[in-house]
Amino acid sequence: MNNKLVILSIAAFSLTACKKEAPKQDGAKPYPVITVESKNIVGYQTFPATIQGRVNNDVRAKIQGYITQVLVDEGQYVTKGQPLFRLETNILNENAAAAKAGIGAAQSTIAASQAAVNAAQVEVNKLKPLVAKNIISDVQLQTAQANLAQAQAQLQQSMAAKQQASANYKGVEANIEYSIIRAPISGVIGKLPLKVGSLVGPTDQTALTTISDTSELFAYFSMNEKEYFDFLEKSPGATMPEKIRNLPMVELQLANGSIYSEKGKIQAITGQIDPTTGTIQFRVAFSNPQKLLSNGNSGSIRLPKTYDNVLVVPESATFEQQGIVYVYKVEKDTAKNVVINVIDRIDNMALVKSGVNKGETIVAAGIGALKPGTAIIKKPIKMDSLVQSIKPKF
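Draft legend 1. A look at the layout of surface pockets. A volume near 480 Å³ is recorded for the largest pocket. Of the residues forming the lining of the largest pocket, the biggest block, five residues, is contributed by strand S13 (residues 298–314). Per-class residue counts for the lining of the largest pocket are eight nonpolar, four polar and five charged.

Draft legend 2. Seen up close, helix H4 (residues 225–234). Every buried residue belonging to H4 is among Tyr 228, Phe 231 and Leu 232, and all of these are buried. Looking straight down H4, one finds that the buried residues subtend no more than 95 degrees of arc, so they occupy a single side. Turned more than 90 degrees away from the buried face of H4, the exposed residues are Lys 226, Glu 233 and Lys 234. As for H4, its buried residues are in contact with strand S9 (209–224), helix H5 (240–246), strand S11 (265–269), strand S12 (279–287) and S13. N-cap assignment for H4: the residue whose side-chain oxygen lies 3.2 Å from the backbone N of Lys 226 is Asn 224.

Draft legend 3. Spotlight on the sheet that holds strand S3 (residues 65–70). Read from one edge to the other, the open sheet built from four strands follows the order S6-S5-S3-S8, with strand pairing classed as antiparallel. Because the sheet does not close on itself, it has two edges, and the strands there are strand S6 (180–182) and strand S8 (199–200). Note that strand S5 (residues 83–87) and S6 share three bridges and pair antiparallel. Bridge pairing links Phe 85 to Ile 181 in S6.

Draft legend 4. Geometry of the pattern of salt bridges. This structure, assessed with the given rule, holds twelve salt bridges. Of the charged contacts in the structure, one is a salt bridge between Lys 305 and Asp 344, with a shortest N-O distance of 2.7 Å. Linking Lys 305 in strand S13 with Asp 344 in strand S16 (residues 334–346), this pair joins segments that are 39 residues apart in sequence. Given a relative accessible area of 23%, Lys 305 falls into the partly exposed group. A network of salt bridges, in which partner residues are shared, links Glu 37, Lys 39 and Asp 384.

Draft legend 5. Local environment of the side chain of Ser 38. Relative to the elements of secondary structure, Ser 38 occurs in strand S2 (residues 37–59). Among the polar contacts made by the side chain of Ser 38, one reaches the side chain of Asn 309 at a distance of 3.0 Å. Reaching out from Ser 38, the side chain makes a polar contact with the side chain of Lys 358 at a distance of 3.3 Å. Setting aside residues no more than four positions away along its own chain, Ser 38 makes contact with Asn 309, Val 310, Leu 311 and Lys 358.

Draft legend 6. View of unusual backbone geometry. Its identity as a non-glycine residue notwithstanding, Lys 332 has a phi of 55 degrees, on the positive side. If you trace the backbone, Lys 332 turns up in the loop between strand S15 (324–331) and S16. By relative accessible area, Lys 332 is classed as exposed at 82%. Located in the positive-phi region is Asp 333, a residue other than glycine, with phi close to 60 degrees. Considering the arrangement of structural elements, one finds Asp 333 in the loop between S15 and S16.

Rules of the game
Residues numbered from 1 in each chain as written. Predicted model: local features only at pLDDT ≥ 70, side-chain atom pairs only at ≥ 80, totals over all residues. Heavy atoms only, no water. 1 Å grid on protein atoms, 1.4 Å probe; cavity = no way out; pocket = protein on both sides within 12 Å on 5 of 7 lines; lining within 4 Å. Points joined across faces, edges and corners; volume = space filled by probe spheres on them. Helix = DSSP H or I, 4+ residues; strand = E, 2+ residues; numbered from the N terminus. Nonpolar A, V, L, I, M, F, W, Y, C, P; charged D, E, K, R; others polar. Buried < 20%, exposed > 50% of the residue type's maximum accessible area, 1.4 Å probe, protein only. Arc of directions from axis to C-beta. Contact = heavy atoms within 4.5 Å. Polar contact = N/O pair within 3.5 Å; in protein donor to acceptor, adjacent residues only side chain to side chain. Pairing = 2+ DSSP bridges. Salt bridge = Lys/Arg side-chain N within 4 Å of Asp/Glu carboxyl O.

Here's what the structure looks like:
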């Protein structure tokens, strides 16, 4: 009986001891930690952009007429002067024949007028010596001279009539030439909204087509007033032209998310803010050697932002309360929340101006259940492996 009591006492003591030691097993939990590093980071500020050809020319008819031929197709590359459309020329041909006949008639009139001038001149020349010898009166000579002047005036009118007939003919010929509508520049044909049989003219609101010179393209994007002044403050240079010259090359992100192979250069900034949108426009030039881009494409301009030797921590290590950003610094295996000043967030990393120092240890992830003063078990990991493992959610 005594032995049983001893055994029961030992068992009870053991259970009590286990219950007292249990909290130690449930106290400190393992957390991933990283060492604060400094890096050279390049981030990008993105702005929606529209893309236009270097030159975009609307093609319009110079005369009125019906389209008889469409000689090109949409998306086709054409060279300057290449025929694009033909217009009906039947009436123009008739007008040309009539104008040419008018030139012939005017030439005949000139010949008759010239003959009349010659005859009048002969009469004057014949009468002059007779008047000089008082054989005839001066009145006959004056009459002959008046007839000569009238014949000469008629000749001048005939010559003017021929010039007018020639001008009419050249005008009709020009209209016949205008019936062949040619490419004003080399480039790519846009839409062809009008087909064979359509009546077109110089006052039409709808252009026959648009030709875009896409050997070089311009991407246009805008900044609001605050972004614009921040941009100017960070851009090296004393004057606007100097700042533009010193700007880095930019990237174009296409609509499918890929990055265009050619980098662009900011060439111009509009001199005033648009009062309707409160923005200021930038123009970026991109070469287009493979003709991959076309007029009307869209995308995003990526302006690079470079940070040299800046402190970085994983975004998963940060949390925010009432607009203040914190991380948990680890001191003697205990998590302590500290305020940090974040200057930017790039590629799953927070760039830190102050609050932590290089070489200090912070909790890298899983901080939702942490409280200040919580004991932890450190599990060191590499920051690069952590930030690269975080996939963006769409």
